Structures are given as structure tokens and as C-alpha cells.
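Letter by letter, the chains look like this.
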Amino acid sequence: MASVKSSRSRAHAVTPSKGINKESGTKLEENLNVFKSDNFDADAFVQSKCHSLNEKEIRQLCSYLLDLKRASAEEMRKSVYANYTAFIRTSKEISDLEGELSSMKNLLSTQATLIHGLAEGVHIDSLSDDAPESASNGSSNDEVREPTDLEKWLTEFPDLLDVLLAERRVDEALSSLDEGERIASEAKEKKTLGHAVLFSLQTAIAERRQKLADQLAEIACQPSTRGAELRAAISALKKLGDGPRAHSLLLNAHYQKYQFNMKNLRPSSTSYGGAYTAALSQLVFSAIAQAATDSLAIFGKEPAYTSELVMWATKQTEAFALLVKRHALTSSAAAGGLRAAAECVQIALGHCSLLEARGLALCPVLLKLFRPSVEQALDANLKRIEESTAALAAADDWELTYPPSVTRTSGRPAGAVLGSTGAYQHKLSSSAHRFNLMVQDFFEDVGPLLSMQLGGKALEGLFQVFNSYVNTLIRALPGSIEDETSFEGSGNKIVRMAETEAQQIALLANASLLADELLPRAAMKLAPLNQANYKDDLQRRASDRQSRHPEQREWKKRLVNSVDRLKDSFCQQHALDLIFTEEGDSHLSAEMYINMEGNADEIEWFPSLIFQELYVKLNRMAAIAADMFVGRERFAILLLMRLTETVILWLSQDQSFWDDIEEGPRPLGHLGLQQFYLDMKFVTCFASQGRYLSRNLLRVVNDIISKAMSAFASTGMDPYSVLPDDDWFTEIAQDAIERLSGKPKVANGERDLNSPTASVSAQSMSSVRSHGSY
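Residues numbered from 1 in each chain as written. Predicted model: local features only at pLDDT ≥ 70, side-chain atom pairs only at ≥ 80, totals over all residues. Heavy atoms only, no water.

In the nomenclature of an unreviewed UniProt entry, the protein is known as Exocyst complex component EXO84B of Nicotiana tabacum. According to the UniProt record, the Sequence similarities (unreviewed entry) comment for the protein reads "Belongs to the EXO84 family." (UniProt positions renumbered as here; feature names shortened; annotations may be inferred.)

Undergrad: Before we go on, may I ask you to explain the overall build of the protein in this structure?
TA: Secondary structure assignment for the protein yields 31 helices and zero strands. Buried positions account for 40% of the 774 residues belonging to the protein. Within the protein, counting contacts between residues at least 6 apart in sequence, those at least 24 apart form 78% of the total. By element, 52% of the accessible surface of the protein is carried by carbon and sulfur atoms, the whole surface being about 41900 Å². (Helix = DSSP H or I, 4+ residues; strand = E, 2+ residues; numbered from the N terminus. Buried < 20%, exposed > 50% of the residue type's maximum accessible area, 1.4 Å probe, protein only. Contact = heavy atoms within 4.5 Å. Areas by Shrake-Rupley, 256 points an atom, 1.4 Å probe, with all protein chains shown as cover.)

Undergrad: I keep staring at helix α21 (residues 501-523) and nothing clicks. Help me out?
TA: Three or four residues apart is the spacing at which side chains of an α-helix point the same way, because the helix has 3.6 residues per turn. A rise of 1.5 Å per residue sets the reference length of α21, with its 23 residues, at 33 Å; its end C-alpha atoms lie 32 Å apart and thus fit the reference within 8%. Taken as a whole, α21 carries its principal kink of about 50 degrees at leucine 514. Counting buried positions along α21 gives 19 out of 23 residues, so the element sits mostly inside the fold. (Expected span 1.5 Å × (residues − 1). Bend = angle between axes of the 7 residues up to and from the residue.)

Undergrad: What's the story with the environment of valine 683 in this structure? I'm lost.
TA: Within the element layout of this structure, valine 683 appears in helix α27 (residues 670-689). Residues valine 683 and glutamine 612, spaced 71 residues apart in sequence, show a C-alpha to C-alpha distance of 9.3 Å. Residues in contact with valine 683, not counting those within four places in the same chain, are Phe611, Thr644 and Ile648.

Undergrad: For this particular structure, what's the right way to read the packing of aromatic side chains?
TA: Here the distance between the centres and the angle between the planes together describe a pair of aromatic rings. By the definition in use, this model includes 19 aromatic pairs. Consider the rings of phenylalanine 435 and phenylalanine 466, whose centres lie 6.3 Å apart with planes at 50 degrees: the pair is tilted. Taken as a pair, phenylalanine 435 in helix α18 (residues 430-445) and phenylalanine 466 in helix α20 (residues 455-475) lie far apart in primary sequence, 31 residues in all. A relative accessible area of 0% means that phenylalanine 466 is categorised as buried. Geometrically, the ring pair formed by tyrosine 593 and phenylalanine 657 is edge-to-face, given 6.3 Å between the ring centres and 90 degrees between the ring planes. You can see tyrosine 593 sitting in helix α23 (residues 591-594) and its partner phenylalanine 657 sitting in helix α26 (residues 655-663), a full 64 residues away along the chain. (Phe/Tyr/Trp six-rings, centres within 6.5 Å; stacked < 30°, edge-to-face > 60°.)

Undergrad: How should I be thinking about α27 in this particular structure?
TA: Helix length check: α27 (20 residues) gives 28 Å between terminal C-alpha atoms against 28 Å at 1.5 Å per residue, within 8%. With 17 of 20 residues buried, α27 is to be regarded as a mostly interior element.

Undergrad: I'm lost on the nonpolar core in this one. Help?
TA: For soluble globular proteins, the rule of thumb is that nonpolar side chains tend to be buried together. Counting residues in each nonpolar core, the largest one holds 151 residues, and the members touching the most others are Phe370, Phe611 and Phe686. With sequence-adjacent residues up to four places away left out, phenylalanine 611 is seen in contact with Leu588, Tyr593, Ile648, Leu651, Asp679, Met680, Phe682, Val683 and Phe686. Core analysis: the next-biggest nonpolar cluster, separate from the first, contains 22 residues, Ala217, Ile219, Leu240 and Ile298 among them. (Core = buried A, V, L, I, M, F, W, Y, C linked by side-chain atoms within 4.5 Å.)

Undergrad: Is there a simple way to think about the side chain of aspartate 679 in this case?
TA: Summarising the element assignment, aspartate 679 is placed in helix α27. As a buried residue without a salt bridge, aspartate 679 has its nearest oppositely charged side chain in arginine 739, at a separation of 13 Å. Within polar-contact distance, the side chain of aspartate 679 engages the side chain of serine 608 at 2.6 Å. Setting aside its immediate chain neighbours within four residues, aspartate 679 contacts Tyr593, Pro607, Ser608 and Phe611. (Lys, Arg positive; Asp, Glu negative; His and termini not counted. Salt bridge = Lys/Arg side-chain N within 4 Å of Asp/Glu carboxyl O. Polar contact = N/O pair within 3.5 Å; in protein donor to acceptor, adjacent residues only side chain to side chain.)

Undergrad: Hey, could you run me through the packing of helix α24 (residues 609-628) against α27 in this one?
TA: How two helices pack is summed up by the angle between their axes together with the distance between the axes. One way to put it is that α24 packs onto α27 with a least axis distance of 10 Å and a crossing angle of 10 degrees. Our classification of the angle between α24 and α27 gives roughly parallel. On α27, the residues touching Phe611, Gln612, Leu614, Tyr615 and Leu618 of α24 are Asp679, Met680, Phe682, Val683 and Phe686. Here the residues of the contact of α24 with α27 sort into eight nonpolar, one polar and one charged. (Axes fitted to C-alpha atoms, helices over the stretch in contact; angles between N-to-C directions. Parallel < 35°, antiparallel > 145°, perpendicular 65-115°, else oblique. Nonpolar A, V, L, I, M, F, W, Y, C, P; charged D, E, K, R; others polar.)

Undergrad: So what exactly am I meant to see when it comes to the environment of alanine 357 here?
TA: Tracing the sequence through the fold places alanine 357 in the loop between α15 (338-353) and α16 (363-393). Sequence spacing of alanine 357 and alanine 289 is 68 residues, and the spatial spacing of their C-alpha atoms is 9.5 Å.

Undergrad: Which parts of the structure should I look at to understand the packing of helix α25 (residues 633-653) against helix α28 (residues 695-713)?
TA: In the contact formed by α25 and α28, the axes pass within 10 Å of each other and the chain directions differ by 25 degrees. With respect to α28, the element α25 is oriented roughly parallel. Along this stretch, α25 crosses α28, giving a crossing that reads as left-handed. Packed against α25, whose contacting residues are Thr644, Glu645, Ile648, Leu649, Leu651 and Ser652, the element α28 presents Asn696, Leu697, Val700, Val701, Ile704 and Lys707 at the interface. (Left-handed = near helix turned anticlockwise from the far one by under 90°.)

Undergrad: In this structure, what is going on with the pattern of salt bridges? I would like to understand it.
TA: Close approach of charged atoms lets side chains of opposite charge pair. By the definition in use, this model includes 14 salt bridges. One salt bridge in this structure joins glutamate 501 and arginine 620, with 2.7 Å as the shortest N-O distance. Linking glutamate 501 in helix α21 with arginine 620 in helix α24, this pair joins segments that are 119 residues apart in sequence. Glutamate 501 gets classed as buried once you look at its relative accessible area, which sits at 15%. The partly exposed category is assigned to arginine 620, whose relative accessible area is 24%.

What follows is the structure, encoded as C-alpha cells:
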């Protein structure tokens, strides 16, 4: 904890605000001197800086430091793994180089011993030639000398080693070899043995050492050698000084063991890929785990052996991944079986993640190798959703119903998706219900995608599928058939037309509900894979959802924008139906205002027919939308607002209309201006009561009125002098609303300001057409 606090203090001390100039750099260097002292007390330093903190703040600081420590460790692990291949290759080369240097040293030492032995032998022979008689006399005169203990030991030592090796008494042989090494070293240092005898002893030790090493290697390579016997042989081989060979033999022994066990595992004998993956991953990763345990117990954490272990484990993991891809993933991915592919990945990662406790982070290796197959399954699954939805749209009657109580493909009931209480059940048409059901299944199958960094690809793919479905809904609108060339690559173009207004609004209900609620809620199921425990899972899910909020919001915004395309097509179609006749003539022309002059006595002031039709259509759609958009009234209001704006914007931008008004052969008279002003006042009145009078609509209406009044003023007359007060227009507009909606006046003379969003009876709707003469 002291080191953590010290790191925090250093970080706090050296953190600049923005830039550091030379003077501040010098001052910073002086401030760092306190950390360079050998007597630096981290606890005392932290206490001096944090004495004013209360217990809660200290706990928060400690929590923050622990988070930084975990983040730093994770970043270090990623950085090390990113460069691990080069590091392992360099370590291996260094290890090989050290081995070669050691061999060269031993060779040189052996050659030097041989040379000294030969020289000593020549010297002894020359001495014996110079004094043969004296030596002969001496030996004849003295009694035969008894051999010393050392000489006896030197005579018996080779035979003793041979017996121990023959009886495979490894520990005793190791002890004897160590004793021989010790005696040879002492004799060489004290020169108690001649060069020839010493060379003979060293040669005997080297030969028996090599023979013992070969015996141990043979034991390690035997398939029947298991557990303690294998570790004892490898440990003895390491003690002989042949560590690299011992470590390689250890890894190979574990490899041969699981290869032997794999002979009984056949893909054809399993019922599905998940069973094969589970059985295979258990064999492979158990062998890797045992190899890692044995390596650590015998060789410790020496970098050379750790690097070899990581390389070996990575190689086995890659081979395992190829087998899983060949026998399980490939077939599932080709068939679009995302759930089966995801299950194989989850099983493999579940076993692989257990190795992290032994310092082996092999999950990235699996994820990299599994990614192409999972991507293939993801694309095939999305394509299946798109094609299935398009096929259902060809026969969809566009009638909204509650979700059917059917069993999903995963075996879970549909209610499990939408909530057991039914709180999340909404009315959709058959193709939209199917689309939603498949999306729910899809997001429950993509657990590994986040860890494989495929979460964004999944969201993008689902957006494209939804966008294709919106294109299908647009083609279902009457009048959109001629625009099919703009939907290239959007799937099946055969779609049942939505003939009635109710069916056309149902298209909007489908798209809006999917984009606003169902798809974003389903996307939240995209959660991290392989959490440590349930508590950590909940915490990480919450954290991930918070971190993904910007991405989720952007994705939902794109969904809504796609729905806006459908909304625009709907409004444009209905605006054109209002403005133009079937023959292509316009209901909204300049002549309807210009030709009013001279007939003042015959005029019964009432909004123009096209604006009456607009109000009736909005009123009728509001009644339909009130049933289809329960709980989502805002969408219905925005739809009516968009339709009203579309008609008024068309009037504002109709250049031929304004050319006739402003520059036509006949000028706009005061009666035409009065009728035009009444029509615009009528629009703002019913839009205001229906709560869909937007600022943009009000601005456009005011601009249109200003243009009409300017055109009238160009004739030399003051428009305000011929127009009645606003109360007059409001009175007529309100009366028109009451008459068109079939709502009578209240007894006290006050008008019932009913919103067009209220329900309208069938009788009042049938009476609307009778006012066509107005």
C-alpha cells in the first residue's frame, strides 16, 4: 500500500496544468529530489499531504488508486502481449547463444585438461628414463606402500557410478556426481592429484553425467511416465545442468499425453459442436495448465523458460482453435448459426480464461482466430433476419396485433422477451413482430462479440437490416412503386401495399416502435463475456452500459433518422394527394384567390376546400393514431405536425403559384387576400388546438402571409385597410373547426375547443364530405 501511495504522491507532484517551460521544469526537478532520497518514507509523505482528508475522502482516494493500479496492470499486459512475439524470439536467441558459449567453454576446458595431462605424462616419462636404477633400487628396498583412501575412492568411483546408473538410482547417482565434482575441484585447486589422474576423473564424471542425462530423457519421453515420476526426472535433468533440454522434454511430455487422449475424441461421435469444443478444450487447456504448473515448480520464473512455455502454449492454442473451426465453427458459421458459433467460442474462452491465474493470457489468441468465423455467422444471421422479414412483409396485412404467444427458436416463450407482466407488449404487424423476435434472439446470441470487438459491427449490421426493413415499408406506401430503383440491394422487393390510411399509419407504428424502444432495449443485452462472478458481472455490465451510452445514443439516432425517411415519404404522399387531383391538376392554385373579385355578396366565408380536406385528414389520422400510438402520443403529434408543414411548405415553395399572385395578368384583390388570410388563420388555429403548431410552421405561415400582403400592396392599396380584425378570422376559423368536426356549440355560447387528436365518430366523418361546397 505504501508503494501505491508513493506512486500517487509522485503522480500528484509531477502533474503539470498544461505546458512546462524551462523554469518550471527546473522547479519540478527540485520538487522531485524528495523522492530520490534513500530515507524517503512514503507513508509519512502521504500523511503530510492528506492530513486534512476525512475517512470518506481517504477511502475514495484508495479506491481511485486501486482502479489506477488495475488499469495500469491491464495496459501493461496488453502492451507486453502486443510485443511478446519479438520478446520471446529475442529471449530464445539469447538462450541459444548462452548455451553455445557454455559448450565452447566446456570444450576449451576439456582441451586444456588434455594438453596438461599429455605434458605431465611426457615429463614423468623423461624422469623415469633419467633414473631407472634408483627407482628400481628404491622399490626393491622398501616395502610395498598401501594405497590411500583417495586412491581407493578413485579406483571404485567409476564402478560405483555404473552400478547406480544401471539400477536407476537417480538421487544417489546425482549425489555421487556432485561428490566427484567437489573432489576434482579441490584436487585441481590444491594440486593433490596429477594431471593424468585428474583428467581421468573428470572424464569419468562427464561420461556418467551424460549417460544419466540420456536415461532421464528416456524416462521423460516414455508415454507411461506420469505425474511425480515425470517431474522427478525433469528436475534431475535440470540439476545435471541441461535445463533447456529438460524444459523442452517437459512440454513435449504434456503434449504427447493430451495427443494420446485425443485419439478417443472424434467429432462425429458428438451431437453438436459445443460438446466437441467442450471435450477438446478440457483436454488441451488442462494439459497447458499442468505444464505451466510443472514448469513453475521446477524452473521458477526464469525468463527463458517462461518464454518457451508461452510460445508452446500459444502454439497449442492455435492448433486447438483450428480444430474447433474445422469441426464446429465452420459449419455453424456457414449456416448462419450464430448461437452455435457463439456457444463454441464461449466454451473455449471459459476454459482458456482459467489459465490467466497461471500467467497465461491466451484468450486474445483464440479471439483473433475465431473472429473470422464468428463474423461469417454474424453476417449470415443478419442476412437471414433481413430475408425472413422481407418475405413476411410480402404477405403482411399491416394490421397491428399484440405479440402471439409462440415459442421462440431458442426454446424460451415470447413473454420472456417482452416481460412477464406484459408491460412491454406492444401492437405490431406480423412482419414487425417477427423482426423484433429475431432481433431479441440475435442479441442473446452475441455475448462473445463485445470481447471480440464485434459489438460495433453487430450494431452496424442490425442498423442496415432495420434500414432495409424501413425501405420495405416505404415501398408499401401507394405511389412509391416508381421509386424502387432507389432501393438497390435492399432485399425482396415484393411487398403488400398499404391501401388504407390505417394501414399506412401502421407502417409508421411498426418503424417508430422498433426504433424508439424495442431495438435499443434489445441492444442493451450486448454485455461482456466471461465475468469472474455474478457481483462483478453486474458491476461490469453497469459500467459497460455507461461507457456505451454515447455509442447507443448515436445508434438510436440513426434508427430514428431512418424512420424519418418513412415519415417524410408518408407525409409527401398524403400532401400530394391533397394538392393534386388524379388527373394531375392542382387543388391549390392562384386562380382560386384571384377569381374571387366581384362576387362579394355571394361569398360565404369559410376556409378553402383544400384546407378543409387537410383538417379532415388530420382529424381522421389523429383518431387512428390515438389507438396505434398508446403511450407514444408525442410521435402522433409530430407526425401530424410534419404533414401540416409539408403542405404549407409546398405552398411556400410553389413558384408558379407565387408568379401568378405577384406577376400574373390579374392582381390579387382584397377578397382574395381576405380568403388567403382566412385559410392561413384556419391552419394555425386547428394546428394550435391539436398541439402540433411548431415554430417552423408558424414562421412559414407568417412568411406566406407577408408575401401575399406584399403582392397586394404592389397594386397601390394598403392591405391592412381591407382586412377585418383578427377576431373576425378567428371566429370563422373556430366555427369551421366545429362544423367540420361535427361538434356543436356549448349551451352557454362558449365553443368546445376539442383537439383533433381526440377520437372522431364515424357519423361525423361521413358528414365531412357534405361540406364540400364550402
